[in-house]
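Residue-level structure breakdown
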Amino acid sequence: MVCGVILSSDKTNITNMCSGRVAHPLLISLANIKMKVRNKALSHAFLLLALMPIPQFIHPVPRMCSVFQECLFHQCLDIVLEPLKQAARFSQMMSDPVGNLQYCFTHLVSYIVDTPEARMLACVHSNTLPITTAMYKDFGDPYRHPLSRTKGVW
């Protein structure tokens with residue numbers, strides 16, 4: 001049985017009163033849950049998979065600090081998603097809602113993010129698109145730019 005997995009993540013401000021605390025939750029859901037049910041907050045269709053670290057690096061070059069943050073985020077994703085990657089490759093015995101045991105393959109079918117996080121996941125600069133090699137100066141020209149070929153987490 002194939003169990004499609006949906007991931008979602010976004011930096012969230014926890015409070016503005018206590019020195020602006022920020023969290024970066026990574027949420028997981030199943031693709032076979034109907035969208036109108038999954039999008040309701042009270043249905044609890046998304047579960048917290050991990051809280052991703054938000055480090056503060058001390059480096060004289062600010063761009064290097066953001067590169068370090070992105071590398072750490074990718075390493076943490078790799079660690080957190082390792083059991084899902086193993087289940088996608090070799091299957092995992094899981095019980096269905098009735099209680100029957102079945103071998104399941106957990107494939108990532110969607111990752112819901114905003115544009116800045118999509119650029120960070122695709123390892124592209126802030127003035128480029130995450131899916132093509134076009135720079136911001138190229139937006140609107142008639143030339144069709146090639147697709148970005150970055151290696152993903154999966």
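Residues numbered from 1 in each chain as written. Predicted model: local features only at pLDDT ≥ 70, side-chain atom pairs only at ≥ 80, totals over all residues. Heavy atoms only, no water.

Focus: the overall build of the protein
Helix and strand counts for the protein stand at four helices and six strands. Secondary structure elements of the protein, listed N to C terminal, follow the sequence β-β-β-α-β-α-α-β-β-α. Only carbon and sulfur atoms are counted for the fraction: they give 62% of the accessible area of the protein, which is about 10900 Å². (Helix = DSSP H or I, 4+ residues; strand = E, 2+ residues; numbered from the N terminus. Areas by Shrake-Rupley, 256 points an atom, 1.4 Å probe, with all protein chains shown as cover.)

Here we look at the confidence of the model for the protein
Interpretation of the predicted coordinates at a detailed level should be avoided for regions scoring low in pLDDT. Taken residue by residue, the protein gives an average pLDDT of 80. The fraction at 70 or more is 88%. The spread of mean pLDDT over the elements of the protein runs between strand E2 (residues 12-15), the lowest at 76, and strand E4 (residues 47-52), the highest at 90. (pLDDT = per-residue confidence, 0-100.)

Details of the nonpolar core
The biggest cluster of nonpolar side chains holds 13 residues, and the ones touching the most others in it are Leu7, Met52, Phe73 and Leu77. When contributions to this core are tallied by element, the ones reaching two or more residues are strand E1 (2-9), strand E3 (21-30), E4, helix H2 (62-80) and helix H4 (115-122). Top element by residues in this core is H2. It accounts for three residues. Excluding residues within four positions of it along the chain, Leu7 makes contact with Leu26, Leu27, Ile28, Leu49, Leu81, Leu108, Ser110, Tyr111 and Ile112. (Core = buried A, V, L, I, M, F, W, Y, C linked by side-chain atoms within 4.5 Å. Buried < 20%, exposed > 50% of the residue type's maximum accessible area, 1.4 Å probe, protein only. Contact = heavy atoms within 4.5 Å.)

A closer look at the packing of aromatic side chains
Tallied over the full model, the rule gives one aromatic pair. Summarising the aromatic geometry, the rings of Phe57 and Phe68 are spaced 5.5 Å apart at their centres and angled 65 degrees between planes, so their arrangement reads as edge-to-face. Placement of the pair is Phe57 in the loop between E4 and H2 and Phe68 in helix H2, with a sequence separation of eleven residues. When its relative accessible area of 32% is taken as the criterion, Phe68 is described as partly exposed. (Phe/Tyr/Trp six-rings, centres within 6.5 Å; stacked < 30°, edge-to-face > 60°.)

Brief notes about the pattern of salt bridges
Summed over all chains, the structure comprises two salt bridges. Here Lys85 and Glu82 are joined by a salt bridge, their closest N and O atoms 3.7 Å apart. With a gap of three residues between them, Lys85 and Glu82 both fall in helix H3 (residues 82-90), about one helical turn apart. Through salt bridges that share partners, Asp78, Glu82 and Lys85 make up one connected network. (Salt bridge = Lys/Arg side-chain N within 4 Å of Asp/Glu carboxyl O.)

Let's talk about the packing of H2 against H3
Across the interface, H2 lies against H3 with an axial gap of 4 Å and an inter-helix angle of 50 degrees. One way to sum up the angle between H2 and H3 is to call them oblique. Where H2 approaches H3, its residues Asp78, Ile79 and Val80 are matched on the opposing element by Glu82, Pro83 and Lys85. Residues of the contact of H2 with H3, tallied by class, amount to three nonpolar, no polar and three charged. (Axes fitted to C-alpha atoms, helices over the stretch in contact; angles between N-to-C directions. Parallel < 35°, antiparallel > 145°, perpendicular 65-115°, else oblique. Nonpolar A, V, L, I, M, F, W, Y, C, P; charged D, E, K, R; others polar.)

Brief notes about the environment of Phe105
Take Phe105: it is sitting in strand E6 (residues 101-112). In this structure the C-alpha to C-alpha distance between Phe105 and Ala88, which are 17 residues apart in sequence, comes to 4.6 Å. Ignoring sequence-local partners within four residues, the contact set of Phe105 consists of Met1, Val2, Cys3, Ala87, Ala88, Arg89, Phe90 and Ser91.

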